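# Notes for the structure review
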Amino acid sequence: MVMKRKRELLFRMFCLFCFLIAVMTTAGQHIPCHGEYAMKISLLSGMSGKADPDFVSKALDFLEQEIQEKCPGDSANLADIEYLRGNLDLVDYDMAGARSHYRVARDLAITLTQLSRIDQNTGSAWFLESDYDKANRYFMHALTEQESLDVFMPARFLDLYDNLGSTCFEQGDMHGAWKWWNLSEQTVLKYFPSDSMKCSEAINNAALVDFGLKDWPKAVNDFQRALLLNPSQGKESARREVSIRKNLAIALMKNGQTHEAERVLDSL
């Protein structure tokens, strides 16, 4: 009888030991939620900037609560929710709020893809506050993380090249701006040759570098090429056309082509 009780006690202790090992092994690990949450978050991401921000924010709150109740270890989905909250603040020009949400998102992120997107938007928040050193640092982090994936995603790299070129340009580093924007232009020509908007933007960036280096003949040529490629429809295209024409007019005047500059200004 005593031996039987000892065996039962040992068996229970063994079961308890196995349970503790299982708990300790899974503690802190990523526990995936159902795919439906990732799909819902993706849907809300597409609505950001289009739907009412309060509606999107409340929907994110609801999803977060549901995820924490059903699978609280799903840090990937929770990271994406914080990332989207940061994006809402970014659109609302609340840079401090955006950076706060991005910090939480970064702590929760479990993939390099997530980290790259978070760091890129953190860089954007610093860029909009004219802190180009910090913006550059975060953009470089984002690029390094994206490169570590060993998968070339043209659109992602194009955005990052544009971001880095912009920070260098704002810092007055024309050679750095040329380096990144040249990579941007090569990416556009190779992967998006039929996208006239992207081609126009890439050539316009090259013209801005020419302008910064005071290479007026080349600036004139590049601004004219950018103008020809700029699509004729859409608000964004219209704004870009006005910007290109103004810069073209200045470049023409600097190049001694006063009459041509006047004609360009008259067309505004």
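This text follows the structure it describes.
A brief report on the enclosed structure follows. (Residues numbered from 1 in each chain as written. Predicted model: local features only at pLDDT ≥ 70, side-chain atom pairs only at ≥ 80, totals over all residues. Heavy atoms only, no water.)

Right, let's talk about the overall build of the protein chain for a bit. Counting its secondary structure elements, the protein chain contains 13 helices and zero strands. For the protein chain, the succession of helices and strands along the chain, N to C, is α-α-α-α-α-α-α-α-α-α-α-α-α. The buried share among the 268 residues of the protein chain stands at 40%. For the protein chain, long-range pairs separated by at least 24 residues make up 54% of all intrachain contacts whose partners lie at least 6 apart in sequence. Of the roughly 15,700 Å² of accessible surface on the protein chain, a fraction of 57% belongs to carbon and sulfur atoms. (Helix = DSSP H or I, 4+ residues; strand = E, 2+ residues; numbered from the N terminus. Buried < 20%, exposed > 50% of the residue type's maximum accessible area, 1.4 Å probe, protein only. Contact = heavy atoms within 4.5 Å. Areas by Shrake-Rupley, 256 points an atom, 1.4 Å probe, with all protein chains shown as cover.)

Here we take up the nonpolar core. Residues L143, W180, F223, L248 and L252 are the most contacted members of the largest nonpolar core, which totals 29 residues. Other than its neighbours up to four places away in sequence, L252 contacts V220, Q257, T258, E260, A261 and V264. (Core = buried A, V, L, I, M, F, W, Y, C linked by side-chain atoms within 4.5 Å.)

Judged by side-chain polarity, V242, I250, M253, L265 and L268 come together as a nonpolar surface patch covering roughly 400 Å² of accessible area. A total of three residues in the nonpolar patch trace back to one element, the largest contributor, which is helix α12 (residues 235-254). (Patch = residues over 30% accessible without salt bridge, like charges linked within 9 Å, V, L, I, M, F, W, Y side chains within 5 Å. Salt bridge = Lys/Arg side-chain N within 4 Å of Asp/Glu carboxyl O.)

The subject of this paragraph is helix α4 (residues 75-91). The terminal C-alpha atoms of α4 lie 24 Å apart, and with 17 residues this matches the ideal 24 Å at 1.5 Å per residue to within 8%. Phi turns positive one or two residues past the end of α4, at Y93, with a value near 60°. (Expected span 1.5 Å × (residues − 1).)

Moving on to unusual backbone geometry. Its identity is not glycine, yet Y93 carries a phi of approximately 60°, on the positive side. Along the chain, the position of Y93 falls in the loop between α4 and α5 (95-108). When its relative accessible area of 63% is taken as the criterion, Y93 is described as exposed. Of note, the phi angle at D150 is positive, near 60°, even though the residue is not glycine. Position of D150 among the secondary structure elements: in the loop between α7 (132-147) and α8 (154-170). Residue D150 is classed as exposed on the basis of its relative accessible area of 73%.

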